[in-house]
Amino acid sequence: MAGTEEIQQPTSEIAFQSKFRWSDMIRVDGRINLRGCLLLVTGILMLVNLYMIFMVAPTDAVLGHVQRIFYFHVPLAIVSFVAFLAVFIASIAYVFRRETKWDNLAHASAEIGVVFITLALVTGMIWAKPVWNAWWLWTPRLTTTLILWLIYVAYLMIRSYAPSPSKAAIYGAAMGIIGFADVVVVYFSVQWWPGIHPTPVVGPLADTGSLDGTMRSVLLFSMLTFLALLTYLIMERMALQDTVDQLRGIRFSLRRAARQDAIPGD
Amino acid sequence: MNEFLRPIGVLLWKDILIELRSRDLVVSLLVFGLVVVVVFNFALNATPELVTEVTPGILWVAFAFAGVLAMNRAFVREKEEGGLDGLLLSPISRDSIFFGKAAASFIFMLLVEAVLLPIFAGLLNFSPASFTLILTIVLATLGFSVVGTLFSAISVQTRSREILLPVLFFPVILPVLVGAVESTKQALGGDTVVGLGHWLPLLGAFDALFLVICHWIFSIVVEE
Amino acid sequence: MPDLIALQIELPSSNLPWLFAAFAVSWAVFFLYVIYVTRRQQEMQNQIRQLRRAMEQQETPEGD
């Protein structure tokens, strides 16, 4: 029964939460609940951000209210890029260190990055329909973003199709590295692609330079908010991955214990 | 250097020998390439003017899809009889395995393209005897085989490998494909003089980049 | 620039539905994702707890 003793140890780590208490958000078992705090901060930031977008930011003279999508769309796109950068760095760290936490970080960042970039694409299309009168134009920026989306969806597929968790980690790292290198290359090759508009004329980023001061600060605030949201979601997703790993560990040692029990004969 | 090159040569010769005896890959790729052109012709309902405009696209879609098929076979063949384990157990460096397999894919694809190109030229009405075009094909095929070998080694280990390979391969290879199409467009447009544009050097740069990254990642991926 | 002016004339200021759609979709996706992650987290925790309990029960009658 040596196997079962090892499993007993981490019991205290899983606090049995029978009832939700607000104080749990900040401290649990005398320790600061980092995730809870971050959730609280992110929630407040999101609400303030909404106020900023709808009450503080001026209505765009040309595009009207629909321009406010911009304060969601641009931060989503930029933050998803941050997430993919995190995938790249975590993948390299995993290749050299072979520590599960790096792989968990890469996996979590990739998944949330895909969620964010999907939203960036969707909000972009919703913006494009009234402004460009088309859901989609094959501009360099849009094309690059779509390819980015494809690469990281492929990243998630490769992980879920891999034969074992350790293979999933190493294949994921491979895709995380080559995918990010490819994004840079795609960006340049698509820029020089003559078949399409060279630069977005009415695109959201084309007029960043001419943004008025209030608009710019609202945009910056929104970016900060989404960065906080990204961090919170990554932490939540990594905690989930920890639990998954824990459960797998318990299952594994149970099976081993059962096999040991079976050998002497019941 | 000889230590490094000899295993590559042996691996390459092994793949060529298998192909010479079975002849299944090259023949099926040739037929596949022809089918793609015919399907495009029906799908686009091509008039002569349209054909000249979309020729580079058709050409590269045919080559790229044929390439994916070739890559799929490259490691499935190894996997089926446990050959991959044998390769990994043998005293050859991972680099040699990578370059050996990539070289085999490269040569098979070039062979297929060499046969298909004159046929396509006849069907789509262009002149294949262009230095730019040939250099483009060689460079792009190099990129295809390098990236394809890496992803083939990964996808062969997974469930639903036939679907996973194109899903991984195409988004990553896209820069090479864009470069190849644009360069072909220039080549067929007639300006085969010095004005190669920036696409050929760019293709070369992509190849170099992919060569470095892929062969590094390959050694990590197969050591598991 | 002429495009922009044309757009200004064409655009009714009531493109609010688009604005609403974009924000509704974003918030919905965030909430769904968070709910998905927390629910899976809870399921897993429950399973771990069940396994622990089962193990404890198995251990006591045996009398180690």
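Note that this is a predicted model, so its numbers are computed, not measured.

Enquirer: In this structure, what is going on with the overall build of chain B? I would like to understand it.
Expert: Helix and strand content of chain B: eight helices and zero strands. Counting helices and strands in the order they occur from the N terminus, chain B gives α-α-α-α-α-α-α-α. Relative to its length of 224 residues, chain B is compact, with a C-alpha radius of gyration of 18 Å against a globular reference of 17 Å. Counting only C-alpha atoms, chain B reaches 55 × 35 × 30 Å along its principal axes. For chain B, the residues scored as buried account for 44% of the 224 residues in total.

Enquirer: Would you mind showing me how to read the packing of helix α3 (residues 70–97) of chain A against helix α7 (residues 213–262) of chain A here?
Expert: All names here are of chain A. Packing of α3 against α7 leaves a shortest axis separation of 9 Å and a crossing angle of 45°. Considering their axes alone, α3 and α7 lie oblique with respect to each other. Relative to α7, the crossing made by α3 is right-handed. Taken together, the residues of α7 that come into contact with α3 (itself represented by Y71, V74, P75, L76, I78, V79, V82 and A83) are V218, L219, S222, M223, F226, L227 and L230. Residue composition of the contact of α3 with α7, grouped by class: 14 nonpolar, one polar and no charged.

Enquirer: Help me understand unusual backbone geometry, please; the structure alone is not making it clear to me.
Expert: Excluding glycine, most residues fall at negative phi; most peptide bonds, likewise, are trans. Residues and elements named next belong to chain A. The phi dihedral of R98 is positive, around 55°, even though this residue is not glycine. Looking at the element boundaries, R98 is found in the loop between α3 and α4 (100–132). Positive phi values are uncommon outside glycine, yet N133 reaches one of about 60°. Relative to the helices and strands, N133 resides in the loop between α4 and α5 (140–161). Judged by local crowding, N133 falls into the exposed class, with 10 C-beta atoms found within 10 Å.

Enquirer: So what exactly am I meant to see when it comes to α3 of chain A here?
Expert: One turn of the α-helix equals 3.6 residues, which is why residues spaced by three or four share an orientation. If you check α3 of chain A, its first and last C-alpha atoms are 40 Å apart, about what 28 residues at 1.5 Å a residue would give, namely 40 Å. Positioned one or two residues after α3 of chain A, R98 of chain A has a phi angle of 55°, which is positive.

Enquirer: What am I meant to see in helix α3 (residues 48–80) of chain B here?
Expert: Residue and element names in this part refer to chain B. In this model, α3 (33 residues) spans 45 Å end to end at C-alpha, consistent with the 48 Å of a helix rising 1.5 Å per residue. When the local axis directions of α3 are compared, the greatest deviation, roughly 60°, occurs at V54, which is followed within four positions by the proline P56. Following α3 by one or two positions, G82 has its phi on the positive side, about 70°.

Enquirer: Help me out: how do you make sense of the interface of chain A and chain B in this one?
Expert: Interface size is often expressed as the accessible area that is lost when the parts come together. On the chain B side, the residues contacting the 26 residues of chain A number 25 residues. Secondary-structure elements contributing two or more residues to the side of chain A that touches chain B are α5 and α6 (165–191) of chain A. Broken down by element, the side of chain A that touches chain B gets its largest block of residues, 14 residues, from α6 of chain A. Looking at the side of chain A that touches chain B residue by residue, the classes come out as 21 nonpolar, three polar and two charged.

Enquirer: Would you mind showing me how to read the packing of helix α2 (residues 34–56) of chain A against α7 of chain A here?
Expert: The relative placement of two packed helices is expressed as an angle between their axes plus a distance between the axes. All names here are of chain A. Two elements in contact, α2 and α7, have axes separated by 9 Å at closest approach and are oriented at 155°. It follows that α2 is roughly antiparallel to α7 by the angle criterion. Between α2 and α7 lies a crossing of left-handed hand. The segment α2 lies against α7, with R35, L38, L39, V41, T42, L45, M46, N49, M52, I53 and V56 engaging T214, V218, F221, S222, T225, A228, L229, T231, Y232, M235, E236 and A239. Residue composition of the contact of α2 with α7, grouped by class: 15 nonpolar, six polar and two charged.

Enquirer: I tried to follow the nonpolar core on my own but got confused; where do I start?
Expert: Nonpolar side chains tend toward joint burial in soluble globular proteins. The biggest cluster of nonpolar side chains holds 139 residues, and the ones touching the most others in it are V87, F116, I158 and A174 of chain A together with A70, V147 and F169 of chain B. Top element by residues in this core is α4 of chain A. It accounts for 17 residues. When neighbours within four sequence positions are excluded, F169 of chain B is seen to be in contact with V68, M71, V147, G148 and F151 of chain B.

Enquirer: How do you make sense of the confidence of the model for chain C when you look at a structure like this?
Expert: Parts of the model with low pLDDT should not have their predicted coordinates read in detail. Of all residues in chain C, 70% have pLDDT values of 70 or greater, and the mean over the chain is 78. Taken over the whole predicted complex, pTM reads 0.85, whereas the ipTM for its chain interfaces reads 0.88.

Enquirer: Got a minute to help me understand the environment of A120 of chain A in this structure?
Expert: With respect to the helices and strands, A120 of chain A occurs in helix α4. Each residue touching A120 of chain A, except ones within four places of it in the same chain, is listed here: H73, L76, A77, S80 and T145 of chain A.

Enquirer: How should the confidence of the model for chain B be read in this particular structure?
Expert: Residues and elements named next belong to chain B. Taken over all residues, the pLDDT of chain B has a mean of 86, while the share at 70 or more is 96%. Averaged over each element, pLDDT in chain B is lowest for helix α4 (residues 83–89) (81) and highest for helix α6 (residues 131–155) (93). The low-confidence segment residues 191–195, where pLDDT is below 50, has five contacts with residues more than four positions distant or belonging to other chains.

What counts as what
Residues numbered from 1 in each chain as written. Chains lettered and ligands numbered in written order. Predicted model: local features only at pLDDT ≥ 70, side-chain atom pairs only at ≥ 80, totals over all residues. Helix = DSSP H or I, 4+ residues; strand = E, 2+ residues; numbered from the N terminus. Rg over C-alpha atoms; globule rule 2.2 N^0.38 Å. Buried ≥ 20, exposed ≤ 12 C-beta atoms within 10 Å, placed from the backbone. Axes fitted to C-alpha atoms, helices over the stretch in contact; angles between N-to-C directions. Parallel < 35°, antiparallel > 145°, perpendicular 65-115°, else oblique. Left-handed = near helix turned anticlockwise from the far one by under 90°. Contact = placed C-beta atoms within 7 Å. Nonpolar A, V, L, I, M, F, W, Y, C, P; charged D, E, K, R; others polar. Expected span 1.5 Å × (residues − 1). Bend = angle between axes of the 7 residues up to and from the residue. Core = buried A, V, L, I, M, F, W, Y, C linked by C-beta atoms within 7 Å. pLDDT = per-residue confidence, 0-100.

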